[in-house]
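Letter by letter, the chains look like this.
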Amino acid sequence: MDTTILGLSILELSYIVASVTFILGLKMLSSPDKARKGNLIAGYGMGLAIAATILFKEEFSADKWLNYSLILAGLAIGTVIGMRMAIKVKMTAMPQMVSFFNGMGGACAGVISLVEFDHLRHGGEISAGMLIVILLGLIIGSVSFSGSMIAYGKLEGKIADKALPAGQIINIGLLIAIFGLAGYLAFSGHLSMPLMYALLVLSLLYGVLFVMPIGGADMPVVISLLNSFTGMAAAFGGFLYGNQAMLTGGILVGSAGTILTVLMCTAMNRSLTNVIIGSFGGGGAASTQSGEQGTIKEISVTDAAILLAYANKVSVVPGYGLAVAQAQHTVHNLEKILEDKGVDLTYAIHPVAGRMPGHMNVLLAEADVPYPKLLEMEDANEDMASTDVVLVIGANDVVNPAAENDPSSPIYGMPVVKVWNAKNIIVLKRSMGKGYAGIENELFFHPKNRMLFGDAKDSLEKLISELKNL
Ligand code: NAP
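Let me sum up the structure you'll find in this document.

1. Concerning the side chain of Asn 381
- Relative to the helices and strands, Asn 381 resides in helix H15 (residues 377–383).
- Among the polar contacts listed, one links the side chain of Asn 381 to the backbone nitrogen of Lys 418, at a separation of 2.7 Å.
- Contact partners of Asn 381, with chain neighbours within four places excluded, come to Val 416, Val 417 and Lys 418.

2. Describing the environment of Phe 445
- Relative to the assigned elements, Phe 445 resides in the loop between strand E7 (424–429) and strand E8 (449–453).
- By relative accessible area, which is 17% here, Phe 445 ends up buried.
- The sequence separation of Phe 445 and Lys 162 amounts to 283 residues, and the corresponding C-alpha distance is 35 Å.

3. Examining the pairing of E7
- The buried fraction of E7 is high, at 6 of 6 residues.
- Alternating residues of E7 divide into Asn 424, Ile 426 and Leu 428 and Ile 425, Val 427 and Lys 429, and every residue in both groups is buried.
- For strand E6 (residues 389–393) and E7, the ladder comprises 5 bridges, and the chain directions are parallel. Note on E7: the bridge partner recorded for Ile 393 is Leu 428.
- Pairing of E7 with E8 involves 5 bridges; the strand directions are parallel.

4. Here we look at the site of the ligand
- Surrounding the ligand, one finds 30 residues, the nearest of these being Arg 355, Asn 396, Asp 397, Arg 430 and Ser 431.
- The contact in question runs from an oxygen atom of the ligand to an N or O atom on the backbone of Tyr 320, over 3.0 Å.
- Note that a nitrogen atom of the ligand is positioned 3.3 Å from one of the backbone N or O atoms of Ala 353.
- Expressed as a share of its isolated accessible area of 920 Å², the protein-covered part of the ligand is 97%.

5. Quick notes on the packing of helix H8 (residues 219–241) against helix H9 (residues 244–267)
- Relative to each other, H8 and H9 sit at 160 degrees, their axes nearing to 7 Å. Considering their axes alone, H8 and H9 lie roughly antiparallel with respect to each other. As H8 packs across H9, the resulting crossing turns out to be left-handed.
- Of the residues contributing to the contact of H8 with H9, the split by class is 15 nonpolar, 11 polar and no charged.

6. Overview of the pattern of salt bridges
- Tallied over the full model, the rule gives 7 salt bridges.
- Residue Asp 383 pairs with Lys 313 through a salt bridge whose shortest N-O separation is 3.9 Å. Taken as a pair, Asp 383 in helix H15 and Lys 313 in strand E3 (residues 313–318) lie far apart in primary sequence, 70 residues in all.
- Looking at Asp 383, the relative accessible area reads 30%, which means it is partly exposed.
- Two residues, Glu 404 and Lys 418, come together in a salt bridge whose shortest N-O distance is 3.5 Å. Of this pair, Glu 404 sits in helix H16 (residues 402–405) while Lys 418 sits in the loop between H16 and E7; the two residues are 14 residues apart in sequence, bridging distant segments of the chain.
- By relative accessible area, Lys 418 is classed as partly exposed at 26%.

7. Description of helix H5 (residues 128–155)
- Taking 1.5 Å of rise per residue, 28 residues should cover 40 Å, and H5 covers 40 Å from first to last C-alpha, within 8% of that figure.
- In the stretch just after H5, Gly 157 is the one whose phi turns positive, near 80 degrees.

8. Overview of a nonpolar patch on the surface
- Where nonpolar side chains cluster on the molecular surface, the patch consists of Met 46, Ile 50, Ile 71, Leu 72 and Leu 75 and spans about 400 Å² of accessible area.
- The set of elements that each furnish at least two residues to the nonpolar patch consists of helix H2 (32–56) and helix H3 (65–88).
- In terms of residue count, the dominant contributor to the nonpolar patch is H3 (3 residues).
- Inspection of the secondary structure puts Leu 75 in helix H3.

9. Points about the packing of helix H1 (residues 10–29) against H9
- Viewed as axis vectors pointing N to C, H1 and H9 meet at an angle of 20 degrees, and their least axial separation amounts to 8 Å. As summarised for this structure, H1 and H9 are arranged roughly parallel, according to the angle between their axes. In this structure, H1 crosses over H9, and the sense of that crossing is right-handed. Residues Tyr 15, Ala 18, Ser 19, Phe 22, Ile 23 and Leu 26 of H1 form the contact with H9, whose own contacting residues are Gln 244, Ala 245, Thr 248, Gly 249, Leu 252 and Ala 256.
- A breakdown of the residues in the contact of H1 with H9 according to their chemical character gives 8 nonpolar, 4 polar and no charged.

Conventions we followed
Residues numbered from 1 in each chain as written. Predicted model: local features only at pLDDT ≥ 70, side-chain atom pairs only at ≥ 80, totals over all residues. Heavy atoms only, no water. Helix = DSSP H or I, 4+ residues; strand = E, 2+ residues; numbered from the N terminus. Polar contact = N/O pair within 3.5 Å; in protein donor to acceptor, adjacent residues only side chain to side chain. Contact = heavy atoms within 4.5 Å. Buried < 20%, exposed > 50% of the residue type's maximum accessible area, 1.4 Å probe, protein only. Pairing = 2+ DSSP bridges. Near = heavy atom within 4 Å. Areas by Shrake-Rupley, 256 points an atom, 1.4 Å probe, with all protein chains shown as cover. Axes fitted to C-alpha atoms, helices over the stretch in contact; angles between N-to-C directions. Parallel < 35°, antiparallel > 145°, perpendicular 65-115°, else oblique. Left-handed = near helix turned anticlockwise from the far one by under 90°. Nonpolar A, V, L, I, M, F, W, Y, C, P; charged D, E, K, R; others polar. Salt bridge = Lys/Arg side-chain N within 4 Å of Asp/Glu carboxyl O. Expected span 1.5 Å × (residues − 1). Patch = residues over 30% accessible without salt bridge, like charges linked within 9 Å, V, L, I, M, F, W, Y side chains within 5 Å.

Remember that the coordinates give geometry; whether it matters functionally is a separate question.
Okay, structure coming up:
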C-alpha cells in the first residue's frame, strides 16, 4: 500500500509513534501515580505497531487467509491468557509472573531465529551480519526462555535450588560449545538445520544450568538480568525484519533490565557475580550466626496503640511481610486514624524492601496511600531522630543494624533504614523468623525495640480497634 505522509509510509509513522509511546510509558513507570497510565500508553503503542505491521508491512492479500487467521488466533489466545494471569495474580506472585512473560518473549525471539534461518537456507539473501543476528537471537532468546522458566518454578516453590557438582565447569564447557557451534554456522557457509537445533538444545540447557544453582531468593535480580537478555533478543528480531518498533522496544527492555539489575545489586551492596554464585539467603554461611544477643521485649496491642496515639511523628517501615499479609489497605486505614488524631505519619521506603524493585510503592499505591507520604530511605533516615515511633511492618533485613556495624555480616555495607535513631521502635512480625538474607537481626534485641508478634494484618486490625476506643 503506497500511502505516504511527509515522505513517510503509514507503517514507518506508526513505528515512530509506537516507539515514542514506549519511551513515554517507560518514563511514566518510574512514578507510582503515573505508572498505570504509562503502562496503558505503551500497551496502545504496541497494539498500533502490531496492527500496522499486519496491515501495511506487505500487500494485503486474501490468499494469505491462513497466515492472518494464525496471527489473529495467536493474538486472541495470548490476550486471554495474559489478561487472566494479570487479573488473578497476587502482588506477592508478581516476580514469577514477570519471569513467565519474560520467558515467552525469549521463546518468541528463539522461534523467529529458527524460522528465519530456514528461510535463508531456502534461497534467502545471505549475509554474515544477518546470520550472526539470527544466531545470537536464538542463543540469547533460548537461554532467557529456559532460565526464566526455572526462575518461575523456583519462585512458585516447584523447583528447589540445586547445584550440580562442577556446575561452573560444565557451564563454561557449554558456553564454549555454544559459541563454537555458532561460529561454525556463521562462517562455514554450511546452513545445517540439525546443527541449528543442536544450538537450540545447548542454549536451553545452559539457561537451565545457569539459573538452577542460584538461591531462590536471588531470583528477582536474575529475572531482571534475563529480562535484559530478552530485550536484546527482541532487538535482534527488529534488525532482522527492519522493524523499528521491535528494535526500539527491544533496546528499551534490554537497557532497562540491565539498569535495574545494576541498581538492585548496588542497593544490596553485592556484585552480580556474588548474586550468581553466592547462594545468598540459601541457608549457607549467612544463617549460621548465633542467636545469643540479649532479651527481647514484647508490647501489648493496647500499649502500642497508646504509644502511637500520643506520638507527634510516626514512621512506618514496610517490608516483605506486609505484602505476604496483604495488609496494605489496613495500614492505610491506620494511617487515616492516626492522622485524625493529629499524628504526622510517613512511610520509609527502602529501595529493595519486598521481593521486587518498587514492591512497596506498588503495594501502597494499590491501597491509595498518597504518594507524597512515601519517603525515600535517605530522607526518612534524616528524619529518624525526630521520630517518636517507628512501626516496622514485616520488614527485617532492611532495618538490620548489622549492615552498619558487623563487617562479618553478609549484608554489611547495604544501606538500611536506621530505625534505632528514633525514640521508640515497634516491630510487627509473626515470630523471630529470619528474612531473605537468612540472618539474625539484633534490632529485635535493641533496648528501644518492642515486638508485636502476629500476622501483620491481624495486628494492624487490633491496633485500629484499640485506637478507635482511645
Ligand atoms: P525480609 O528481610 O525478607 O523479611 C521479611 C519479614 O517479614 C520476615 O522476617 C518475616 O518474619 C516477616 N513476615 C512474613 N510474613 C509475615 C506476615 N504475614 N505478617 C508479619 N510479618 C511477616 O524483608 P525486607 O526487610 O523487606 O527485605 C527484603 C530483602 O529482600 C532484602 O534482603 C533484599 O536485599 C532482598 N531482595 C529484594 C529485592 C527487591 O527488589 N525488593 C530483590 C532481591 C532481593 P516472620 O516469619 O517472623 O513473620
